[in-house]
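What follows is the residue order along each chain.
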Protein chains: 2
Amino acid sequence: MTVTIYDVAREANVSMATVSRVVNGNQNVKPSTRKKVLEVIERLEYRPNAVARGLASKKTTTVGVIIPDISNNIYAEAARGIEDIATMYRYNIILANSDQNEEKELSLLDTMYGKQVDGIVMMSDAVTEKLHKSMEHSPVPIVLAGSVDDTNQFPSVNIDYFQASYEAMQLLINNGHTRIAFLSGPLNYTINSKFKLEAYKKALQDANIELDERLIISEDGSYDSGLEAWETLRELEAPPTAFFAGSDELAIGIIHGVQDDGKKVPDDVEVISFENSKLARMVRPRLTSVVFPLYDIGAVAMRLLTKIMNKEDNVKDKNVIIPHRIETRQSVKL
Amino acid sequence: MTVTIYDVAREANVSMATVSRVVNGNQNVKPSTRKKVLEVIERLEYRPNAVARGLASKKTTTVGVIIPDISNNIYAEAARGIEDIATMYRYNIILANSDQNEEKELSLLDTMYGKQVDGIVMMSDAVTEKLHKSMEHSPVPIVLAGSVDDTNQFPSVNIDYFQASYEAMQLLINNGHTRIAFLSGPLNYTINSKFKLEAYKKALQDANIELDERLIISEDGSYDSGLEAWETLRELEAPPTAFFAGSDELAIGIIHGVQDDGKKVPDDVEVISFENSKLARMVRPRLTSVVFPLYDIGAVAMRLLTKIMNKEDNVKDKNVIIPHRIETRQSVKL
DNA sequence: TTGAAAGCGCTAACAG
DNA sequence: CTGTTAGCGCTTTCAA
């Protein structure tokens with residue numbers, strides 16, 4: 001039924017090895033032979049079977065991508081970066097959502113191993129011990145994208161979350177605020193607990209501002225939790241006058257909460273976000289935000305993975321930190 | 001190096017056929033044998049090679065998903081629906097972005113065929129003739145998700161775009177508007193030109209409102225083009241008092257354009273959108289919007305594909321239309 | 001209930 | 001420059 005390399009060989013009066021050579025661009029083929037084979041390939045509409053090829057060569061030219069949730073803009077952006085570079089290097093991508101659930105992550109890793117992917121890009125907000133162990137035993141290279149593993153044992157691509165957060169806090173502190181709220185997603189996510197929150201505390205401490213635990217709110221990171229955060233915090237005897245929000249959605253939630261309350265941003269309350277997705281410009285006032293370059297992180301992670309898969313030995317830095325910056329708009333006064 | 005079915009067979013003193021049977025849950029295995037094999041599998045950490053399996057069985061349990069752009073929320077949502085159902089039926093997904101570029105779509109289809117996927121879910125805003133032809137010759141079933149092919153020749157899942165758009169327009173018309181602008185993405189996208197725009201015209205005609213071509217704007221569908229649309233239209237001697245926007249981003253762009261201009265929504269200008277993503281609630285006033293249930297469309301499309309792949313003959317309706325509705329919020333007066 | 005054996009379609013030595 | 005020949009790891013008859 002389907003045309004195989006064997007059919008082409010027969011029609012072209014050559015061996016299947018020769019056909020294989022022309023298909024794989026091997027130079028050791030006489031031009032005239034190549035031409036003949038190419039013609040037959042075209043005529044028969046021969047299309048190499050990647051599965052058979054994968055079995056024989058032990059290379060599938062596909063990489064696994066495990067992310068928490070593709071419908072979340074932040075991960076989708078990273079996925080796009082990953083896919084673009086993968087395409088550039090002729091890899092395909094098997095994409096799967098983990099919902100940040102350890103069991104799913106583990107099972108997905110197993111699935112990827114079974115599918116014989118050539119490598120894996122993993123995004124996980126919490127690299128648990130079990131995850132770590134499975135990754136250690138991986139038959140193929142894995143690189144972490146926008147995800148932190150305490151041991152720094154796996155190749156990874158990130159920004160300096162602590163420093164970026166610290167700078168965001170400084171902006172607020174320099175504007176004279178002493179009541180600054182911290183709002184983030186789950187604190188069992190490494191980046192939230194070990195970097196954003198720690199930077200928040202350190203910045204406060206360095207400025208001799210007393211820490212008020214009530215100003216630290218960790219929910220699911222959604223727009224609604226931003227909205228609710230203001231609801232809660234406004235009841236304090238001294239409500240916060242500034243917010244360090246872990247994501248754009250959160251920041252917009254706060255802004256709308258404040259505005260629905262008849263107050264003004266940034267006049268009454270200033271807000272800085274950590275993400276800078278396209279949402280940042282789609283709110284009034286527009287968000288001042290730490291730029292979390294997800295697309296780049298995904299792209300660089302995938303590029304790093306190709307290098308490792310190719311066993312290029314010039315892979316010096318396996319733990320890449322890409323630069324960050326703060327995009328200044330109107331939700332924080334200048 | 002890697003453990004194969006053969007290693008397991010040897011260790012368990014059975015033939016590889018038997019191991020294959022237990023791995024595949026074949027019932028024709030004596031329980032005691034099954035137990036013995038299972039133990040060896042566990043001990044050796046045997047993991048079936050899906051590539052070899054795919055070659056032998058001619059089934060890869062993976063489906064191809066071709067979408068315009070995963071970083072676009074609308075497609076990401078659909079992708080999530082597709083993946084969830086795929087996971088449920090134990091399929092994996094090879095995801096690729098086409099950027100709505102015909103050449104890429106064609107080449108991606110070829111890639112998918114080559115990878116021996118068991119089926120394909122395709123999202124394309126413009127099923128061109130070439131695309132159509134390639135799909136016709138596909139060795140595996142293809143279902144269109146949120147995409148229209150004029151011939152209705154391929155299984156598909158959609159909503160009734162025309163009717164939904166017509167209802168949106170009626171809402172505006174019933175509110176007394178006679179200057180209603182139409183704003184959408186590219187008009188070479190079938191849904192925009194053949195359904196949204198046609199419904200716009202028909203609704204106007206049915207209400208005896210004269211069509212003003214200057215009120216029809218088709219750009220790239222971005223937030224900025226929404227912003228700019230207002231810039232342009234406000235200069236008219238009779239600016240529009242209502243907008244039918246093809247997407248949430250567009251609608252928010254318009255709203256901000258109007259507001260930045262010192263006018264009010266919905267008092268001065270009413271806006272209805274066609275999407276209802278989570279953005280719809282993240283703007284003030286919140287968007288009244290036709291609900292375009294992308295997640296469901298993806299999920300139903302994938303479910304339909306599993307049925308076709310399994311050759312279930314109860315697949316009556318290959319062109320599924322799922323219900324739509326309008327979510328009423330504040331950007332349109334009641 | 002189990003095993004033997006023939007592929008699946010291709011790559012990759014190796015020989016010529 | 002080209003052909004021969006083993007596999008790659010598994011599924012799937014066919015027999016027993």
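All values reported here derive from a predicted model rather than from experimental measurement.

### So, the pattern of salt bridges
Line of reasoning, step 1. Within this structure, the stated rule accounts for 40 salt bridges over all chains.
Line of reasoning, step 2. Here Glu249 of chain A and Lys278 of chain B are joined by a salt bridge, their closest N and O atoms 2.6 Å apart. On the criterion of chain membership, the pair formed by Glu249 of chain A in helix α11 (residues 248-260) and Lys278 of chain B in the loop between β9 (270-275) and β10 (288-291) is interchain, its members lying in two chains.
Line of reasoning, step 3. Residue classification places Lys278 of chain B among the partly exposed positions, given a relative accessible area of 39%.
Line of reasoning, step 4. Between Asp224 of chain B and Arg281 of chain A there is a salt bridge, with the nearest N and O atoms lying 2.5 Å from each other. With Asp224 of chain B in helix α10 (residues 223-233) and Arg281 of chain A in the loop between β9 (270-275) and β10 (288-291), this residue pair bridges two chains.
Line of reasoning, step 5. Exposure remark for Arg281 of chain A: the relative accessible area of 31% places this residue in the partly exposed category.
Line of reasoning, step 6. Where salt bridges share partners, they join Asp69, Asp99 and Lys104 of chain A together with Arg80 and Asp84 of chain B into one cluster.

### As for the domain arrangement of chain A
Line of reasoning, step 1. By the assigned domains, chain A splits into domain 1 (5-48), domain 2 (60-159 + 294-325) and domain 3 (161-292).
Line of reasoning, step 2. For domain 1 of chain A versus domain 2 of chain A, the separation of C-alpha centres amounts to 37 Å.

### Quick word on the nonpolar core
Line of reasoning, step 1. Core analysis: the largest hydrophobic core is formed by 168 residues, its most contacted members being Tyr200, Phe243 and Met302 of chain A together with Tyr200, Phe243 and Met302 of chain B.
Line of reasoning, step 2. Once residues lying within four places of it in the same chain are set aside, the contact partners of Phe243 of chain B are Leu172, Ala181, Leu183, Trp230, Leu233, Ile254, Val269, Glu270, Val271 and Ile272 of chain B.
Line of reasoning, step 3. Leu109, Val127 and Val140 of chain A together with Ala96 of chain B belong to the second largest nonpolar core, which has 34 residues in total.

### Notes on empty space enclosed by the protein
Over the atoms rolls a probe the size of a water molecule, and its path tells where empty space is left.
Line of reasoning, step 1. Considering all chains together, one arrives at four cavities of 30 Å³ or more under this definition.
Line of reasoning, step 2. Estimated volume of the largest cavity: approximately 230 Å³.
Line of reasoning, step 3. Considering the residues around the largest cavity, the lining is formed by 13 residues, among which Val51 and Lys115 of chain A together with Val51, Thr62 and Lys115 of chain B are closest to the centre.
Line of reasoning, step 4. Sorting the residues of the lining of the largest cavity by element identifies α4 (50-57) of chain A together with α4 (50-57) of chain B as the ones contributing at least two each.

### A few points about the interface of chain B and chain A
Line of reasoning, step 1. Contact with chain B, which involves 48 residues of that partner, is made by 48 residues of chain A.
Line of reasoning, step 2. Of the roughly 4200 Å² buried at the junction of chain B and chain A (both faces included), carbon and sulfur atoms supply 52%.
Line of reasoning, step 3. Elements with a minimum of two residues in the side of chain B that touches chain A: α4, α5 (73-88), β2 (92-97), α6 (102-114), α10 and α11 (248-260) of chain B.
Line of reasoning, step 4. Among the residues forming the side of chain B that touches chain A, the class breakdown is 20 nonpolar, 13 polar and 15 charged.

Conventions we followed
- Residues numbered from 1 in each chain as written.
- Chains lettered and ligands numbered in written order.
- Predicted model: local features only at pLDDT ≥ 70, side-chain atom pairs only at ≥ 80, totals over all residues.
- Heavy atoms only, no water.
- Salt bridge = Lys/Arg side-chain N within 4 Å of Asp/Glu carboxyl O.
- Helix = DSSP H or I, 4+ residues; strand = E, 2+ residues; numbered from the N terminus.
- Buried < 20%, exposed > 50% of the residue type's maximum accessible area, 1.4 Å probe, protein only.
- Domains from an automatic or database assignment.
- Core = buried A, V, L, I, M, F, W, Y, C linked by side-chain atoms within 4.5 Å.
- Contact = heavy atoms within 4.5 Å.
- 1 Å grid on protein atoms, 1.4 Å probe; cavity = no way out; pocket = protein on both sides within 12 Å on 5 of 7 lines; lining within 4 Å.
- Points joined across faces, edges and corners; volume = space filled by probe spheres on them.
- Buried area = accessible area lost by both parts, 1.4 Å probe.
- Nonpolar A, V, L, I, M, F, W, Y, C, P; charged D, E, K, R; others polar.

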